[in-house]
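The primary structure of each chain is shown beneath.
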Amino acid sequence: MNDLATMVHVRYMVDDVDAAVGFYTTHLGFTVRSNAAPAFADVVRGNLRLLLSGPASSAGRPMPDGERPAPGGWNRIHLLVDDLAGEVDRLRAAGATFRNDVVSGPGGQQILLQDPAGNVVELFQPAA
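Residues numbered from 1 in each chain as written. Predicted model: local features only at pLDDT ≥ 70, side-chain atom pairs only at ≥ 80, totals over all residues. Heavy atoms only, no water.

Caption draft 1: Fine view of the packing of aromatic side chains. Throughout the structure, instances matching the rule amount to 2 aromatic pairs. Both rings, one in Tyr24 and one in Phe30, keep their centres 5.4 Å apart while their planes meet at 85°; by these two values the pair is edge-to-face. Under the relative-accessibility criterion, Tyr24 is labelled buried at 0%. A connected cluster of aromatic rings, assembled from ring pairs, spans Phe23, Tyr24 and Phe30. Sitting above the plane of the Trp74 ring, Arg99 keeps its charged end 4.0 Å from the centroid. (Phe/Tyr/Trp six-rings, centres within 6.5 Å; stacked < 30°, edge-to-face > 60°. Buried < 20%, exposed > 50% of the residue type's maximum accessible area, 1.4 Å probe, protein only. Lys NZ or Arg CZ within 6 Å of the ring centre and 35° of its normal.)

Caption draft 2: Examining the pairing of strand S3 (residues 40-45) more closely. Across 5 bridges, strand S2 (residues 31-36) lies against S3 in antiparallel orientation. Its bridge partner being in S3, Thr31 is matched across the sheet by Val44. Taking the residues that link successive antiparallel strands as the turn, the S2-S3 hairpin has 3 residues. As judged from the 6 bridges shared by S3 and strand S4 (residues 48-53), these two strands associate in the antiparallel manner. Paired with Arg45 across the strands is Leu48, a residue of S4. Where S3 folds back on S4, the antiparallel hairpin that results is connected by 2 residues, among which Gly46 adopts a positive phi of roughly 60°. (Pairing = 2+ DSSP bridges. Helix = DSSP H or I, 4+ residues; strand = E, 2+ residues; numbered from the N terminus.)

Caption draft 3: The arrangement of the pattern of salt bridges in detail. In the structure shown here, the tally under the stated rule is 5 salt bridges. Between Glu122 and Arg76 there is a salt bridge, and its shortest N-O distance comes to 2.7 Å. Pair noted here: Glu122 is in strand S9 (residues 120-126) and Arg76 is in strand S5 (residues 76-80), with a separation of 46 residues, a long-range link. Look at Glu122 and you get buried, because its relative accessible area is 7%. Using a relative accessible area of 34% as the deciding quantity, one classes Arg76 as partly exposed. (Salt bridge = Lys/Arg side-chain N within 4 Å of Asp/Glu carboxyl O.)

Caption draft 4: Local environment of the sheet that holds S2. Pairing is mixed across the open sheet formed by 4 strands, whose spatial order is S1-S4-S3-S2. Taken across any chain shown, the strands that pair with only one partner, and hence form the sheet edges, are strand S1 (8-13) and S2. Between one strand and the next, the sheet's axes are offset by a mean angle of 15°, whatever the strand orientation. (Axes fitted to C-alpha atoms, helices over the stretch in contact; angles between N-to-C directions.)

Caption draft 5: Highlighting the environment of Val14. Among the secondary structure elements, Val14 is positioned in the loop between S1 and helix H1 (17-27). Judged by its relative accessible area of 2%, Val14 falls in the buried class. The spacing of Val14 and Pro55 is 41 residues in sequence and 7.3 Å in space, taken between C-alpha atoms. The residues touching Val14, leaving out its near neighbours within four places in the chain, are Ala20, Leu52, Ser53, Gly54, Pro55, Pro71, Asp115, Ala117 and Asn119. (Contact = heavy atoms within 4.5 Å.)

Caption draft 6: Spotlight on the environment of His27. For His27, the location among the structural elements is in helix H1. Put simply, His27 and Ala94 are 67 residues apart on the chain and 8.3 Å apart in space, counted from C-alpha to C-alpha.

Caption draft 7: Local environment of the side chain of Gln114. Turning to its location among the elements, Gln114 is positioned in strand S8 (residues 108-114). In this structure, Gln114 is in contact with Phe23, Thr97, Phe98, Arg99 and Asn119, ignoring residues within four places of it in sequence.

The following block contains the structure:
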């Protein structure tokens, strides 16, 4: 297991911790580091530790003004892939949801995949 001090840590708020764990491990190659569902789990891929915090987690507690942390924003993790078209086909066949179609630019191609809570994962294939 990777040393926590050398990992990149990203927190996503999710509606359903078990559904999020299933999504990231089944479709995107993450492994479970710990699981305290329904409150929290963390999954890892390489040096990325993704903290999945449900409504029952301490990260899901309301702010002093009453606003509650919620999933589905535009910040995202960025995963490199070798074959974007193949990944999109594979994920669509598995029922995954995308926010857009493939976009091409000078640096490569990308698409925005949504996890079960609506959080965004950018799949990116660098230009050759």
